[in-house]
Amino acid sequence: MNTEELTSNQQSPEDQEKQELLQKRGEIPRHIAVIMDGNGRWAKSRGSVRIAGHKAGVDSVKDITEACGQLGVGYLTLYAFSTENWGRPKGEISALMKLLVQSLRNETRKLNENDIKLSSIGEIDRLPPTCRRELEDAIALTADNKRMELCLALSYSGRWDICQAVNRISKKVRDGVICPDDIDDETIKKHLSTAHIPDPDLIVRTSGEFRLSNFLLWQSAYSEIYITDTYWPDFRRDELYEAIKAYQSRERRFGKVLSHFELEEPSVAIR
Ligand code: FPP
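Numbering of residues starts from 1 in each chain and follows the order in which that chain's sequence is written. Note on the predicted model: pLDDT of at least 70 is required for a residue's local features to be given, and 80 or more for side-chain atom pairs to be given and counted; whole-chain, interface and lining totals, by contrast, use all residues. No hydrogens and no water enter the side-chain calculation; it runs on all heavy atoms of the structure.

Colleague: What exactly am I supposed to notice about the pairing of strand β1 (residues 31–35) here?
Modeller: Looking along a regular strand, one sees the side chains alternate between the two faces of the sheet. Buried, partly exposed and exposed residues are distinguished by accessible area as a fraction of the type maximum, computed with a 1.4 Å probe on protein chains only: under 20%, between the cut-offs, and over 50%, respectively. Numbering of helices and strands runs from the N terminus, with a helix taken as a DSSP run of H or I at least four residues long and a strand as a DSSP run of E at least two residues long. Of all five residues making up β1, five are buried, and the element is well covered by its neighbours. Note on pairing: DSSP must find at least two bridges between two strands before they are called paired. The pairing of β1 with strand β2 (residues 75–82) spans five bridges and is classified as parallel. Opposite Ala 33, over in β2, you have Thr 77 as the bridge partner.

Colleague: I keep staring at the pairing of β2 and nothing clicks. Help me out?
Modeller: Of all eight residues that make up β2, seven are buried, and the element is covered over most of its length. Relative to strand β4 (residues 148–156), β2 runs parallel, the two being bridged by seven bridges. The residue bridging Thr 77 from the neighbouring strand is Cys 151, located in β4.

Colleague: Just to check I follow, could you spell out helix α1 (residues 13–25) for this structure?
Modeller: What sets the pattern is the α-helix's 3.6 residues per turn: residues three or four places apart point alike. The span you would expect from a helix comes to 1.5 Å times its residue count less one. With 13 residues, α1 extends 18 Å between its outermost C-alpha atoms, agreeing within 8% with the 18 Å of an ideal straight helix rising 1.5 Å per residue. For α1, every residue scored as buried is listed here: Asp 15, Gln 19 and Leu 22. What you see down the axis of α1 is that its buried residues fit within an arc of 60°, all on one side. α1 presents Pro 13, Glu 14, Glu 17, Leu 21 and Lys 24 as exposed residues on the side facing more than 90 degrees away from its buried surface. In this description, the arc belongs to the directions extending from the helix axis to the C-beta atoms.

This is the structure:
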């Protein structure tokens, strides 16, 4: 679907039907996190420059955000710029930052109309001032929205997140606020940048790579992972529905056994 053709909240009857079927079929993940990969390869396959792939990727961001909001996903986290991405050529970094500023300027009104709250995780201080300002303004403007939270991971990495949590916990230990013996999963969770967000139920990675690339390392402990060969600029809502279908057919055991399984006597004696 071309999202440009539809104003906010307009949805084709066929798409509405697909979403209703999906909702009836099973649980819609509460939190979906996406590693948007393959923009460069998408551009190369068309004989174009990398930034053309990033630009096309923005249309996928819009379509997936809109579809998630309509479906009843509570949180959508997008890996938009990693800590490692600072190592890319200066021209590409600056083009990506400009694209982010432009997207925020063009889309914040629509986020508001759709009751979507914007947030971010990562080292926001490292972003260029215009970018940071635009982001902070959009976050403030959408702060009271309730339908869904769109969280942009910017200058983010899972290891950075764990380090900053350990840093903050250490300072509290030093100041006598936390006792070292009391540090547990919950303490760490509360100090991660995602403290206010549930762990992702489903992580989608586009462009066929089988790795997490330093994304939400702590938070992904029990996430279901869906990997597709599709490059991010070609990833649209119909493929999101496939990812959700795959999620709905998984059995999430969180390391336990399901209650309906009978516990059998082991056939071999355990010494
Ligand atoms: C990975 O593709 C993608 C990125 C590093 C940037 C993602 C950014 C966007 C989709 C546009 C702006 C985002 C928002 C939220 C408005 P790659 O360049 O690593 O592709 P490759 O692996 O094929 O080279």
